[in-house]
Amino acid sequence: MARSKKDDAREHRIQMEVVVDAHDEEERAMGWYYYLEDKLVFPFQARCIAERRGSPLRRGEVVEVTGVAPEEDSEHDMLVDVQWQGRNLAVPLSQLEGVDVDDATQEAIEDWHYWVAMGYEV
């Protein structure tokens, strides 16, 4: 994946709000987990923008996001719980974009997409 252009304002927000006290990957993962849990307003609609191995979602499908997946499932990627074909699944937030979401939810999703696009790791 090509890296995105550096966004100084977003970098500053992520450093100050998400990973400010993180000293290792576990602490970074927990920083992201709690940031997303706090900023995302559930439930919300999201569209799949990228197919991923291990996720049944196809590009263009719309799902209802109901929460952040449990902490233990989000150690290496940020997963969210979705309703899909009558089932509850955890899928990577990086494969979703919000549909008519509030500003805080949009910003948090974009922050995670930026983090991933920059090649940073939790």
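Our subject is the structure listed above.
Residues numbered from 1 in each chain as written. Predicted model: local features only at pLDDT ≥ 70, side-chain atom pairs only at ≥ 80, totals over all residues. Heavy atoms only, no water.

Bringing the overall build of the protein into the picture now. The helix and strand tally for the protein stands at 3 helices and 5 strands. What you see in the protein, going N to C, is helices and strands ordered as α-α-β-β-β-β-β-α. Here the C-alpha atoms of the protein give a radius of gyration of 14 Å, agreeing with the 14 Å that 2.2 N^0.38 yields for 122 residues. Taking the principal axes of its C-alpha atoms as reference, the protein extends roughly 40 × 30 × 30 Å. Counting the 122 residues in the protein, one finds 41% classified as buried. Long-range pairs, those at least 24 residues apart, make up 55% of the contacts in the protein between residues at least 6 apart in sequence. Total accessible area computed for the protein in this model is approximately 7200 Å², and 44% of it derives from carbon and sulfur atoms. Distance between charge centres in the protein, computed from 13 positive and 28 negative side chains, equals 9 Å. (Helix = DSSP H or I, 4+ residues; strand = E, 2+ residues; numbered from the N terminus. Rg over C-alpha atoms; globule rule 2.2 N^0.38 Å. Buried < 20%, exposed > 50% of the residue type's maximum accessible area, 1.4 Å probe, protein only. Contact = heavy atoms within 4.5 Å. Areas by Shrake-Rupley, 256 points an atom, 1.4 Å probe, with all protein chains shown as cover. Lys, Arg positive; Asp, Glu negative; His and termini not counted. Charge placed at Lys NZ, Arg CZ, Asp CG, Glu CD.)

Two elements in contact, helix α2 (residues 25-39) and helix α3 (residues 103-117), have axes whose closest approach is 9 Å; the angle formed by their N-to-C orientations is 155°. With respect to α3, the element α2 is oriented roughly antiparallel. When you trace α2 past α3, the crossing you get is left-handed. Across the interface between the two elements, Arg28, Trp32, Tyr35, Leu36 and Lys39 of α2 pack against Ala104, Thr105, Glu107, Ala108, Asp111, Trp112 and Trp115 of α3. (Axes fitted to C-alpha atoms, helices over the stretch in contact; angles between N-to-C directions. Parallel < 35°, antiparallel > 145°, perpendicular 65-115°, else oblique. Left-handed = near helix turned anticlockwise from the far one by under 90°.)

Per the counting criterion, the structure on display carries 6 aromatic pairs. An angle of 85° between the planes, with centres 5.7 Å apart, marks the rings of Trp32 and Tyr35 as edge-to-face. Here Trp32 and its partner Tyr35 are both found in helix α2, 3 residues apart, which amounts to about one turn of the helix. Through a chain of ring-to-ring contacts, three or more aromatic side chains come together here, namely Trp32, Tyr35, Trp112, Trp115 and Tyr120. (Phe/Tyr/Trp six-rings, centres within 6.5 Å; stacked < 30°, edge-to-face > 60°.)

This part takes up the layout of surface pockets. Each pocket or cavity is described by its volume, and for the largest pocket that value is around 180 Å³. Looking at the largest pocket, the residues that line it are Glu25, Arg52, Glu75, His76, Asp77, Ser94, Trp112, Trp115, Val116, Tyr120, Glu121 and Val122. With 3 residues, the single largest contributor to the lining of the largest pocket is α3. (1 Å grid on protein atoms, 1.4 Å probe; cavity = no way out; pocket = protein on both sides within 12 Å on 5 of 7 lines; lining within 4 Å. Points joined across faces, edges and corners; volume = space filled by probe spheres on them.)

Our focus in this paragraph is α3. The terminal C-alpha atoms of α3 lie 21 Å apart, and with 15 residues this matches the ideal 21 Å at 1.5 Å per residue to within 8%. For α3, the set of buried residues is Thr105, Ala108, Ile109, Asp111, Trp112, Tyr114, Trp115 and Ala117. Turning to α3, the residues buried within the fold contact α1 (8-18), α2, β1 (44-48) and β5 (96-99). Gly119, located one to two residues past α3, shows a positive phi value of around 85°. (Expected span 1.5 Å × (residues − 1).)

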